[in-house]
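Commentary on secondary and tertiary structure
Next come the chains, spelled out residue by residue.
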Amino acid sequence: MNYRFASLTPADEPAIALHLMSLDVEDRALRFGSPVTDDILGVYAQGLNFNRDVAEGAWDGGRLVGLAHLAVFPEGGYPVGELGLSIAPGYRRQGISSLLIKHAIARARRFRLTRMYVHYMRRNLAMTRLVRHFGLDVEYYGDEARASLEVVPRAQSVWTETRRAGPGGRLEVFHRASVRPLRGHVLLVHGAGGDGWQWRSVMAELAAAGYSAHALSLSGHGRSARAAPTLERMRTDVAEILAELPGDTRLVGHSMGGYLVQRELMERECPAAVLLAPVPPDVPRGQDLDALLAGLSGRQARMVAASILAEASGVAVERVSTPVALISGDRDRVMPVPWMRATAARYRAQWTRLPAGHNLPVVTGVGRAVVSGLLS
């Protein structure tokens, strides 16, 4: 068996759709509970949340032949995932299912999910064998079964809640309390197409360093209100969450969230701020903006960034008195090194360069760099 196993990204949406459409009527019924159509499968593939869900694939060359998808949702304020598994005809009974589940569980631990669930039909003998193999607890409800497995204790995960925010709106907010004597509070702001959940590893590093970490999902992202993406709405989102936190809260922003943090710093001073691959203070225009949008992964990210940056004005750096640190990736195609060098110079910022691309909040070790930036 010479298959490649890898975590999936928005670029894999077409392959996911083709894989699911290769399943016959009975396979679709076992996977989704009913014999769904190709159109529904296409919508399903487009609706995967790659910031939050666990999506692991098995590849035979350029063909996706196996998919393990953990759809993540809150339970009692903590994240859990429901597993869906499918193997293409002709590739079964080769151990692909077991390896996919192992990869999914390992990634679920990194994502700090507290529990994994599997809902399946009792006639699904292949899933029955897998559930027994991995030692899941099982409950039966007539023709259906529900299996579960603890992934990490709640004390090691991230709390989430939905708060009212403005007339008719709601904001999803994540929180990780400090595990040491409290040094202060930090608010983390994600970029276009992201959500607050992607900061989970950074929040753990902040908690270990003595910070109470908070992250919001901006309007139109995550499980926040599905409002149209406007600059004013997102600036209001940040301001409303900050109003509930102490006045000396530190700010951390990634990409478009880095631009929102810079705009906030024009209006208020805080002890420290960290920008991760931010939109530069001189907002890109023309061909530079086109290149920025082309480098983003996912339709939603490009749509939101195009909408927000079209109405974004430049940042008056001379009005920012907060000490700023900057972190960027040397392989970043969205915010390239020359832009970040110029941004660091404008702020006279401590500049940390990592061997990484643009999606820094999920890069191993970036949490330590954020802590260092807040302490510098």
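**A closer look at the packing of aromatic side chains**
- Under the definition given, this model contains 4 aromatic pairs.
- An angle of 85 degrees between the planes, with centres 5.1 Å apart, marks the rings of Phe32 and Tyr44 as edge-to-face. Of the two residues, Phe32 is situated in helix H2 (residues 25-32) and Tyr44 in helix H3 (residues 38-46); the sequence distance between them amounts to 12 residues.
- Arg31 extends its terminal NZ or CZ atom over the ring of Phe32, reaching a point 4.4 Å from the ring centre.
- Above the ring of Phe111, the side-chain terminus of Arg200 is found at 3.7 Å from the ring centroid.

**A few points about the pattern of salt bridges**
- Taken as a whole and assessed by the stated rule, the structure comprises 13 salt bridges.
- A salt bridge links Asp38 to Arg28; the shortest N-O distance between them is 2.8 Å. With Asp38 in helix H3 and Arg28 in helix H2, the pair connects residues that are 10 residues apart, well separated along the chain.
- The structure contains a network of salt bridges with shared partners spanning Arg52, Glu172 and Asp195.

**So, the sheet that holds strand S5 (residues 115-121)**
- Pairing in this open sheet of 7 strands is mixed, and the strands run S1-S2-S3-S4-S5-S7-S6 from one edge to the other. Because the sheet does not close on itself, it has two edges, and the strands there are strand S1 (4-7) and strand S6 (137-141). Averaged over all adjacent pairs, the angle separating strand axes in this sheet is 20 degrees, with direction ignored.
- In terms of strand pairing, S1 meets strand S2 (residues 54-60) through 4 bridges, oriented antiparallel. The partner of Ser7 across the bridge, within S2, is Glu56.
- Along the sheet, helix H5 (residues 125-133) makes contact with strand S4 (78-87), S5, S6 and strand S7 (144-150), crossing S5 at roughly 150 degrees.

**Some words on unusual backbone geometry**
- Despite not being glycine, Ser255 has its phi angle at roughly 55 degrees, a positive value.
- Judged by its relative accessible area of 6%, Ser255 falls in the buried class.
- Not every positive phi belongs to a glycine, and Arg348 is a case in point at roughly 50 degrees.
- Structurally, Arg348 can be placed in the loop between helix H11 (337-347) and strand S15 (350-354).

**Concerning the nonpolar core**
- Membership of the largest hydrophobic core comes to 108 residues, with the highest contact counts inside it found for Leu188 and Leu206.
- Apart from the residues lying within four places of it in its own chain, the contact partners of Leu188 are Trp199, Val202, Met203, Leu206, Ala213, His214, Ala215, Leu216 and Val252.
- Grouped together as the second largest cluster of nonpolar side chains are 15 residues, Ala15, Val36, Phe50 and Trp59 included.

**Quick look at the environment of Leu296**
- With respect to the element layout, Leu296 can be found in the loop between helix H9 (286-295) and helix H10 (299-310).
- Its relative accessible area of 10% is what places Leu296 among the buried residues.
- Beyond its immediate stretch of four places on either side in the chain, Leu296 contacts Ala301, Arg302, Ala305, Val334 and His358.

**Let's talk about the pairing of S2**
- Most of S2 is tucked away: 6 of the 7 residues are buried.
- As paired strands, S2 and strand S3 (residues 63-75) are joined by 7 bridges and run antiparallel to one another. Along S3, the bridge assignment pairs Val54 with Leu70.
- In this antiparallel pair of consecutive strands, S2 and S3, the connection spans 2 residues, and Gly61 shows a positive phi of 65 degrees.

Scoring rules and cut-offs
- Residues numbered from 1 in each chain as written.
- Predicted model: local features only at pLDDT ≥ 70, side-chain atom pairs only at ≥ 80, totals over all residues.
- Heavy atoms only, no water.
- Phe/Tyr/Trp six-rings, centres within 6.5 Å; stacked < 30°, edge-to-face > 60°.
- Helix = DSSP H or I, 4+ residues; strand = E, 2+ residues; numbered from the N terminus.
- Lys NZ or Arg CZ within 6 Å of the ring centre and 35° of its normal.
- Salt bridge = Lys/Arg side-chain N within 4 Å of Asp/Glu carboxyl O.
- Pairing = 2+ DSSP bridges.
- Axes fitted to C-alpha atoms, helices over the stretch in contact; angles between N-to-C directions.
- Contact = heavy atoms within 4.5 Å.
- Buried < 20%, exposed > 50% of the residue type's maximum accessible area, 1.4 Å probe, protein only.
- Core = buried A, V, L, I, M, F, W, Y, C linked by side-chain atoms within 4.5 Å.

That is the geometry; function is a separate question.
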